[in-house]
Amino acid sequence: MLKVDHLSKKFSADRSVEAVSDVSLEVEQGQFLAVVGRSGSGKSTLLGMIGGINKPTSGTILINSINQWALNDDRHSDFRNQTIGFVFQFASLLPTLRAIDNVALPALIGGSLSYKEAYARAHTLLNHVGLSERFDSFPGQLSGGEQRRVAIARALINSPSVILADEPTADLDQETEEEILNLLLEIHKAFNLTMVVVTHSGSIAERADKVLRMNKGLVESVEVSRSETGAPIGTALKLSANDSEPAPPVSAVETIFQTSNEPSAEEKIRLGEGVERLIGRYVLWLIPILLVAWGINAAVATYERTVLDAKENQRIELEDLAMKGLRADVKNVTDGPGKGYTVTLYLNNTIGPDKPIYVMAPAVRGFVQVGNSWQEVAMKPANSNNPKVLKVTGNQTYDYIIEPDVTGYAQLLPYYMHVRITNDMIVSPSDQPKTDLIERNDSYYVYLKPHGLDDAKILQKMKFPGKPPVWIPMPPH
Ligand code: ADP
Ligand code: MG
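### Some points on the sheet that holds strand β9 (residues 218–224)
Right, on to step 1. The six strands lie next to each other as β5-β6-β7-β3-β8-β9, forming an open sheet whose pairing is mixed. Looking at which strands have only one partner, the edges of the open sheet turn out to be β5 (84–87) and β9. Strand-to-strand twist across the sheet, computed as the mean angle between neighbouring axes with direction ignored, equals 15°.
Right, on to step 2. As paired elements, strand β3 (residues 32–37) and strand β7 (residues 194–198) share four bridges and run parallel to each other. Residue F32 lies in a different strand from β7, and its bridge partner there is M195.
Right, on to step 3. Contacting β5 and β6 (162–166), helix α2 (residues 73–83) crosses the sheet at an angle of about 70° to β5.
Right, on to step 4. Contacts from helix α6 (residues 174–190) reach β3, β6 and β7, with the element oriented near 160° to β7.

See the structure below:
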């Protein structure tokens, strides 16, 4: 529950006007409060104080009975990170991070989840906000609405109990705005969150449990919704007469469609006559010919279907072999030799030793993220006489040397390089395949600690149980 008591904010001592003046309100856990009011009325200032961004001049805020402003700095930032999800006016995503990294980041920096957990949850949340296809996209490649969805997923990563959103749709077109507001409402219900949204949208305010209207820093009114009181929240919420668009002239539109699509009575008659004439003239000899042709066609079609089905079954079996039967990933990364790192990949045949899987010409390449793109770096097998075909019967490892010699790499995690290793394989159950082969393209992502960096420096930015590791794996994504 959120309880605000006689809250005020003055930005400077000599200014007589308070940005927020003596505001008191209560929002129950799971309730949705909309904050409305003219520009400059103190909405953002109020939200900032609740969100732990700007300190009240006087008054108290209790969230789940905790007064965050009475905590020391460390505990306050933990509290903020764990309890409050903030969706800002603009999406404010980090441009050099992919969508999934942006979402996982608050959990990684705060150390609230392990890497695996953070990415697994980011995955789930991006699915939840409808971005299952866009995990790897950078913010610049996403539309305004999609960016907002990422920002909402990011706000949820630490399972907050309160979501604060300050005009979350200010820069979006009306249709996208509606989608995003619906998403927020859906999430508010699905996660039973307490939600405070500053909005200009009359339609979202209408759906709130409570509406706080502010004017010159003061509470002008608090309206409680229909579901709370039994009384309609009413037209008082309409922000201006312009909010309700006039209905489109539907009847005129319908008329146009009717006249253009429907054939005229005259056309109907002519078409009908044509068909009748055709059948009348040819029907006697046309029907047997058609039947024969259909018979042949059906036989050919059945035969083709059988062949195609057999091929399809083979493809499915191959796909199962290559995808489920064979596991592959990065097993370990160690420092050296020299400027390089030794990357150990594993291939694991999960079917069993009596069913070998042949992996042909595995092409392993390394990339480091620089800005929004991947820059290829030197990567080669540690052993120069690597066989061209690998026979995988159990769990086998292969070493590669990567030399990520780049400057200005993107730091998704402070100081660490974001490395992508691609592994393109041709997989077959036979060592001399004919048609029974299939391509598999993997990407593995890891973070690598650059050489010659002081561990103490890294530890200032990130929490690790001990020494910062040479590499940090990420689950497949
Ligand atoms: P709203 O979000 O309703 O538009 P704000 O909370 O942003 O209103 O602003 C309320 C008042 O506080 C305004 O008069 C604004 O100029 C003032 N204000 C907001 N932030 C600051 C600041 N950082 N320093 C000084 N004055 C500020
Ligand atoms: Mg504002």
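### Digging into empty space enclosed by the protein
Right, on to step 1. Enumeration over the complete set of coordinates arrives at two cavities of 30 Å³ or more.
Right, on to step 2. Estimates place the volume of the largest cavity at around 60 Å³.
Right, on to step 3. The wall of the largest cavity is formed by A328, L345, Y346, L347, P362, V364, L390, Y398, Y400, N423 and Y444.
Right, on to step 4. Elements with a contribution of two residues or more to the lining of the largest cavity: β11 (341–349), β12 (357–370) and β15 (395–403).
Right, on to step 5. Of the residues forming the lining of the largest cavity, the biggest block, three residues, is contributed by β11.

### Quick notes on the layout of surface pockets
Right, on to step 1. Estimates place the volume of the largest pocket at around 620 Å³.
Right, on to step 2. Taken together, 24 residues make up the lining of the largest pocket; nearest its centre are R80, N81, I84, P106 and N158.
Right, on to step 3. At the level of secondary structure, the elements contributing two or more residues to the lining of the largest pocket comprise α2, β5, α3 (99–110) and α5 (144–156).
Right, on to step 4. Along the lines of polarity and charge, the residues of the lining of the largest pocket split into eleven nonpolar, eight polar and five charged.

What counts, and where the lines are drawn
Each chain has its residues counted from 1, running along the sequence as written. Lettering for chains starts from A, numbering for ligands starts from 1, and both go in the order in which the items are written. It should be noted that, the model being predicted, local features are given only for residues of pLDDT at least 70 and side-chain atom pairs only at 80 or more, the latter also being counted only at that level, while totals for whole chains, interfaces and linings use all residues. Excluded from the side-chain calculation are hydrogens and water; included are all heavy atoms of the structure. We treat two strands as partners when DSSP finds at least two bridges between them. Helix and strand definitions follow DSSP, with helices as H or I runs of at least four residues and strands as E runs of at least two, each counted in order from the N terminus. Between N-to-C directions, angles cover 0 to 180 degrees, with each direction set by a line fitted to C-alpha atoms, over the stretch in contact for helices. Only heavy atoms matter for contacts: two residues are in contact if any of them lie within 4.5 Å across the pair. Cavities and pockets were defined on a 1 Å grid built over protein atoms only: a cavity is a set of grid points that admits a 1.4 Å probe from which the probe cannot escape, a pocket is an open set flanked by protein on both sides within 12 Å along at least five of seven lines, and lining residues are those with an atom within 4 Å of any such point. Grid points are joined across faces, edges and corners, and a volume is the space filled by probe spheres set on the points. Residue classes follow a fixed rule: Ala, Val, Leu, Ile, Met, Phe, Trp, Tyr, Cys and Pro count as nonpolar, while Asp, Glu, Lys and Arg count as charged, and any other residue, Gly among them, counts as polar.

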